[in-house]
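# A structural walkthrough
One-letter residues, chain by chain:
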Number of protein chains: 2
Amino acid sequence: MNKEIPYKIYLDETELPNSWLNLRAFMTKKPAPLLNPKTLQPMTQEELSAIFCEELAKQEIDDTTKYIQIPKEVRDFYKMYRPAPLVRAYCLEKALGTPAHIYYKFEGNNTSGSHKLNSAIAQAYYAKEQGLQGVTTETGAGQWGTALSMACSYFGLDCNVYMVKVSYEQKPFRREVMRTYGAKVTPSPSQTTKVGRQILEEFPGTGGSLGCAISEAVEASQTKEGYRYALGSVLNQVLLHQSIIGMETKTALDKYGVKADMIIGCAGGGSNLGGLIAPFMAEQLEGKANYRFIAVEPASCPSLTRGKYAYDFCDTGRVCPLSKMYTLGSGFIPSASHAGGLRYHGMTSTLSELYDQGLMEARSVKQTEVFEAAEYFARVEGILPAPESAHAIKVAMDEAKKCKETGEKKTIVFGLTGTGYFDMYAYEKFHDGKMDDYIPTEEELQKGFDGIPKLQ
Amino acid sequence: MNKEIPYKIYLDETELPNSWLNLRAFMTKKPAPLLNPKTLQPMTQEELSAIFCEELAKQEIDDTTKYIQIPKEVRDFYKMYRPAPLVRAYCLEKALGTPAHIYYKFEGNNTSGSHKLNSAIAQAYYAKEQGLQGVTTETGAGQWGTALSMACSYFGLDCNVYMVKVSYEQKPFRREVMRTYGAKVTPSPSQTTKVGRQILEEFPGTGGSLGCAISEAVEASQTKEGYRYALGSVLNQVLLHQSIIGMETKTALDKYGVKADMIIGCAGGGSNLGGLIAPFMAEQLEGKANYRFIAVEPASCPSLTRGKYAYDFCDTGRVCPLSKMYTLGSGFIPSASHAGGLRYHGMTSTLSELYDQGLMEARSVKQTEVFEAAEYFARVEGILPAPESAHAIKVAMDEAKKCKETGEKKTIVFGLTGTGYFDMYAYEKFHDGKMDDYIPTEEELQKGFDGIPKLQ
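Fair warning: this is a prediction, and the values are worked out from it, not measured in the lab. (Residues numbered from 1 in each chain as written. Chains lettered and ligands numbered in written order. Predicted model: local features only at pLDDT ≥ 70, side-chain atom pairs only at ≥ 80, totals over all residues. Heavy atoms only, no water.)

### Let's talk about the relation of the copies chain A and chain B
A rotation about some axis, followed by a shift along it, carries one copy of the chain onto the other. Defined as follows: Least squares is the method used to superpose the copies, on C-alpha atoms of residues holding a pLDDT of at least 70 in both. Should any heavy atoms of two residues lie within 4.5 Å, those residues are considered in contact.
Of the transformation superimposing chain A on chain B, the axial component is 0.0 Å and the angular component is 180°, with the fit at an RMSD of 0.0 Å. The operation mapping one copy onto its partner corresponds to a two-fold rotation axis. Identified as the residue of chain A closest to the rotation axis by C-alpha distance is Asn109(A), at 3.2 Å. When the interface residues of chain A are mapped onto chain B, 100% of them again fall at the interface, so both copies present the same face.

Okay, structure coming up:
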């Protein structure tokens, strides 16, 4: 087990996992089920099948099957950009002068620029299998929309993306990537849906919001024959697909006899972190190992560190099922000065439950320190990180610095979810000193909490 | 030798080449030397050392040493993003229904987004070794400037980039990447140089040109103590460093017992193609193998297919040495409707000489068909290619289609030099049907030829 560890550990294609790991199946106390907002009863597979593909509806409620086989067609697609490298951050360790060993799982080496593709291709596959014509979704800056466009293009499905209008107009690059993959991109709010027309009538000049785009995408999937809705985070099915991140990471570490001490990931809706920690947490839940897990969220949207654990709506429009999660209230919208992603008001139910059980830590960081870490990392490790990913970098660096103080040789693993090539406006703001560190006040948070439905 | 070939062949770090391959050393009839524009005598190492670092000046004129060792520090940097994958294009083969086997060497998995980094890090290393304070360079859209910024940041060198003003203003993203790496980016023409001030006086509202930016960067390197000039293509030293592309490609093919029939690359100044073909051409020159080599250039800037083989200036400002090359004349500027890179008026002397000796073919392609190939490739192979790289894709696809007609099972290898993430304006033009296929007329070419100095 004393093999020299290379800068980048690439697994062979034959080591690509055959199954996804369903973390909920390992939990004794399960995450709470989704509730039908009308009946307040757990959503059935049948009810969910009206929104999602049948197989995905099944995955959404399955909390007993530990491993779910990855279809061959999805695995073949994975082979175009996976296994993703696990990088030993030799240069970062040296620059920090830390005795810690730092590793990061890099998910940015694909055209969507992030881990989102891992679930997009699965969702597109099951839509194709079911004989659907296409899927609808929403996107903010465009990371998820890009991933889904690529996946749909591969399987010859229509992909209708409702893109927040202000992003559509001001950030045309990701829109063009989506068009390259044949997606139909509509600025939201639009005239194509009832909810869009209503909003346009009420607020004629609005630049849109993610909440509104979700509502349009859901409506469009319901009103058009042969379509279903697809979502890039928060859902159980998404965490399931993203478990491939953690499984590859664990295989790579095991191969070199490396035992992680802590695993760190950024968390917006929780898809990346949930996927990254999946096999490690499963091991821990089985009593076979002990790790520290750290979720990193922006101080401007602090669902875990300052939110409430309660049933809440998943969307601003309050049409989707209720989920029990750490939430800031479905009406909470992070300040416009918040540059990156990780803007979601709640945290996926699995991570919420693990956090509530004390199995996971959470930390919030301010955006200036995040961009400082991003720039530092870019210079020493050569990869320009997405602002989201830089949240994890910031805390990984903090932990490595602690090791320098204490002399401890800990092994730190973090998730580098993607690249920042389409986030240069945010970097520009940072370079020009125009970034602020807005943090919501107690009063602002209370306003969000007031919108949480009183069910309990 | 019947191992199953994976989608991506990743060499181990231990298989990273220890030396660069100096193709000129294998040539019996050598490329013509650079000439001093004043004396018309071959440039000496001493003369070149006033422009470039000493070690690079030495490499520039060395046409006898077959292999030149890669310094350990450069190899360590290479390990952050190399070995680059050689991809078996299974999906493309299937989509085309061709019996051909297609491989591409993908150089886009690094933050500079292209192969340019391979030479940038070498040039920065030698500058550091010589105790210089920094380097100056020019950049158009920013690919080379980004690569050099990353390299300088790694070695703690200043990097002053003169960026064509119109790109600086209209394409701020690569500028911000350069700033992330600490480079000083100056829109050109500027008030910081004599030549810049002259041009601004003559043409107050000009958006600049690459020729002008070169002149400013060269002047700045000459007038500031501790600086040298760096260039990203055309030079012998750059081809030398880029030979790592071809060496890794050959090692990967040899490992699986695959023999290429043809090797295809896009060619602007020739750095990528020169590097890709280096070990294959060397083998051929030694009589040990036989390959077809195809250079692909834009029909709007057709130096090989329609140019003259003559001594010409390397820069528009006519301050740099004279090089014998296929050229359209140093005054030739491709139409503004030309979207991608590959805008250089001449071809590096080594490729020019090989072409003149009939050892290499050349083909020109129009930009609409290039973008059609780019989009097709993006959809089936998942990678969004740079417009430059798509020139090679286009011809590789053409050759694969010929194999479909003839039933021949040829092995096609091409260079995928980079990603198109910062080229979405060009893709937008293509999607909106606003791209034209301008080709210079005979009269326009003649105007360029008239500017070639009459030395021979």
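### Remarks on helix H2 (residues 54-61) of chain B
What sets the pattern is the α-helix's 3.6 residues per turn: residues three or four places apart point alike. Residues and elements named next belong to chain B. Filter applied, for reference: The cut-offs for exposure are 20% and 50% of the maximum accessible area for each residue type, with area from a 1.4 Å probe on protein chains only; residues under the lower value are buried, those over the upper are exposed, and the others partly exposed. Counting from the N terminus, the helices are the DSSP runs of H or I reaching at least four residues and the strands are the DSSP runs of E reaching at least two. The arc in question is formed by the directions pointing from the helix axis toward the C-beta atoms.
Turning to H2, its buried residues number three or more, namely Leu56, Ala57, Gln59 and Glu60. Viewed along the axis of H2, the buried residues span an arc of 160°, placing them on a single side of the element. Of the surrounding elements, those touching the buried residues of H2 are strand E2 (19-21), helix H1 (45-49), strand E3 (67-69), helix H5 (117-129) and helix H11 (236-255).

### Regarding the packing of aromatic side chains
All names here are of chain A. Counted only if it meets this: Between rings of Phe, Tyr and Trp, where Trp is taken as its six-membered ring, a pair exists when centres lie within 6.5 Å; planes separated by under 30 degrees are stacked, by over 60 edge-to-face, and by other angles tilted. Consider the ring centre and the ring normal. A charge sits over the ring if Lys NZ or Arg CZ is within 6 Å of that centre and within 35 degrees of that normal.
For the structure shown, the criterion picks out 43 aromatic pairs over all chains. Seen from their ring centres, Phe26 and Tyr67 are 6.0 Å apart, and the 85° between their planes marks the pair as edge-to-face. Taken together, the positions of Phe26 in the loop between strand E2 (19-21) and helix H1 (45-48) and Tyr67 in strand E3 (residues 67-69) put the pair 41 residues apart, joining distant regions of the chain. The class of Phe26 is buried, set by a relative accessible area of 9%. According to the relative accessible area criterion, Tyr67 is partly exposed, its value standing at 45%. An aromatic cluster is built from Phe77, Tyr78, Tyr81, Tyr125, Tyr126, Tyr154 and Phe155, whose rings are joined through pairwise contacts. The side chain of Arg175 reaches across the aromatic face of Tyr168, ending 4.8 Å from its centre.

### Side note on the sheet that holds strand E6 (residues 134-139) of chain A
All names here are of chain A. Quick reminder of the rule: Criterion used throughout: strands pair if DSSP finds at least two bridges between them. Between the N-to-C directions of two axes lies an angle of 0 to 180 degrees, each axis being a line fitted to C-alpha atoms and, for a helix, fitted only over the stretch in contact.
With parallel pairing, four strands are arranged side by side in an open sheet as E8-E7-E6-E9. At either end of the open sheet lies a strand with only one pairing partner, and these are strand E8 (184-188) and strand E9 (227-229). Strand-to-strand, the axes of this sheet are offset by a mean angle of 25°, without reference to chain direction. When E6 meets strand E7 (residues 158-164), the two strands line up parallel, connected through six bridges. Its bridge partner lying in E7, Glu138 is registered against Tyr162. The sheet strands contacting helix H10 (residues 210-223) are E6, E7, E8 and E9, and the helix crosses E6 at an angle near 170°.

### With respect to the interface of chain A and chain B
Keep this limit in mind: Computed with a 1.4 Å rolling probe, the buried area is the accessible surface lost when two parts are put together, summed over both parts. Salt bridges are defined as contacts in which a side-chain nitrogen from Lys or Arg sits within 4 Å of a carboxyl oxygen from Asp or Glu. Polar contacts, as counted here, are pairs of nitrogen or oxygen atoms within 3.5 Å of one another; within protein the pair requires one atom able to donate a hydrogen and one able to accept it, and residues that are adjacent in sequence qualify only if both atoms are side-chain atoms. In the scheme used here, Gly and all other residues not listed as nonpolar or charged are polar, with Ala, Val, Leu, Ile, Met, Phe, Trp, Tyr, Cys and Pro taken as nonpolar and Asp, Glu, Lys and Arg as charged.
Between chain A and chain B, the residue contacts involve 42 residues of the former and 42 residues of the latter. Summing both sides of the interface, chain A and chain B together bury roughly 4000 Å²; the carbon and sulfur share of this comes to 58%. Summed over the shared surface of chain A and chain B, the result is four salt bridges. Arg175(B) is the partner of Glu428(A) in a salt bridge, and the nearest nitrogen-oxygen pair spans 2.8 Å. The tally of links between chain A and chain B comes to 27 residue pairs in polar contact (both at pLDDT 80 or more). For the side of chain A that touches chain B, the secondary structure elements donating two or more residues are helix H6 (143-155), helix H8 (172-180), helix H15 (367-381) and helix H17 (424-431) of chain A. No other element matches H8(A), which puts six residues into the side of chain A that touches chain B. Along the lines of polarity and charge, the residues of the side of chain A that touches chain B split into 21 nonpolar, eight polar and 13 charged.

### Observations regarding the sheet that holds strand E5 (residues 101-106) of chain B
All names here are of chain B. Spatially, the seven strands line up as an open sheet ordered E1-E4-E5-E15-E10-E11-E14, and their pairing is mixed. At either end of the open sheet lies a strand with only one pairing partner, and these are strand E1 (8-9) and strand E14 (361-365). Direction of pairing for E5 relative to strand E15 (residues 411-416): parallel, over a ladder of six bridges. Note on E15: the bridge partner recorded for Tyr104 is Phe414.

### Quick notes on the environment of Gly329(B)
All names here are of chain B. For Gly329, the position within the fold is in the loop between strand E13 (322-327) and helix H14 (349-356). Distance in space between the C-alpha atoms of Gly329 and Lys308 is 8.4 Å, their sequence separation being 21 residues. When sequence neighbours within four positions are dropped, the list of residues in contact with Gly329 reads Asp312, His345, Gly448 and Ile452.

### Section: the state of the cysteines
For the record, the criterion: Defined by distance alone, a disulfide is two cysteine sulfur atoms within 2.5 Å.
Considering all chains together, one arrives at zero disulfides over all chains under this definition. Cys91(B) carries a free sulfur, and the closest cysteine sulfur to it, the one in Cys152(A), is 16 Å from it. For Cys91(B), a relative accessible area of 11% translates into the label buried.

### So, the side chain of Arg82(B)
With respect to the secondary-structure elements, Arg82(B) resides in the loop between helix H3 (72-78) and strand E4 (86-88). Note on Arg82(B): relative accessible area 0%, which makes it buried. Of note is the side chain of Arg82(B), whose polar atom sits 2.8 Å from the side chain of Glu248(B). In this view, Arg82(B) contacts Lys8(A), Leu16(B), Lys105(B), Glu107(B), Asn118(B), Ile244(B), Ile245(B) and Glu248(B); residues no more than four positions away in its chain are not counted.

### Considerations on the pattern of salt bridges
Using the criterion set out here, one finds 54 salt bridges over all chains in the structure. Its salt-bridge partner being Glu248(A), residue Arg82(A) comes within 2.8 Å of it at the nearest N-O pair. Placement of the pair is Arg82(A) in the loop between helix H3 (72-78) and strand E4 (86-88) and Glu248(A) in helix H11 (residues 236-255), with a sequence separation of 166 residues. Across this residue pair, the class does not change: Arg82(A) and Glu248(A) are buried. Here Arg175(B) ties to Glu176(B) by a salt bridge, and the two come within 3.3 Å at their closest N and O atoms. Shared partners join several salt bridges into a network, and the residues in it are Arg175(A), Glu176(A), Arg179(A), Glu428(B) and Asp432(B).

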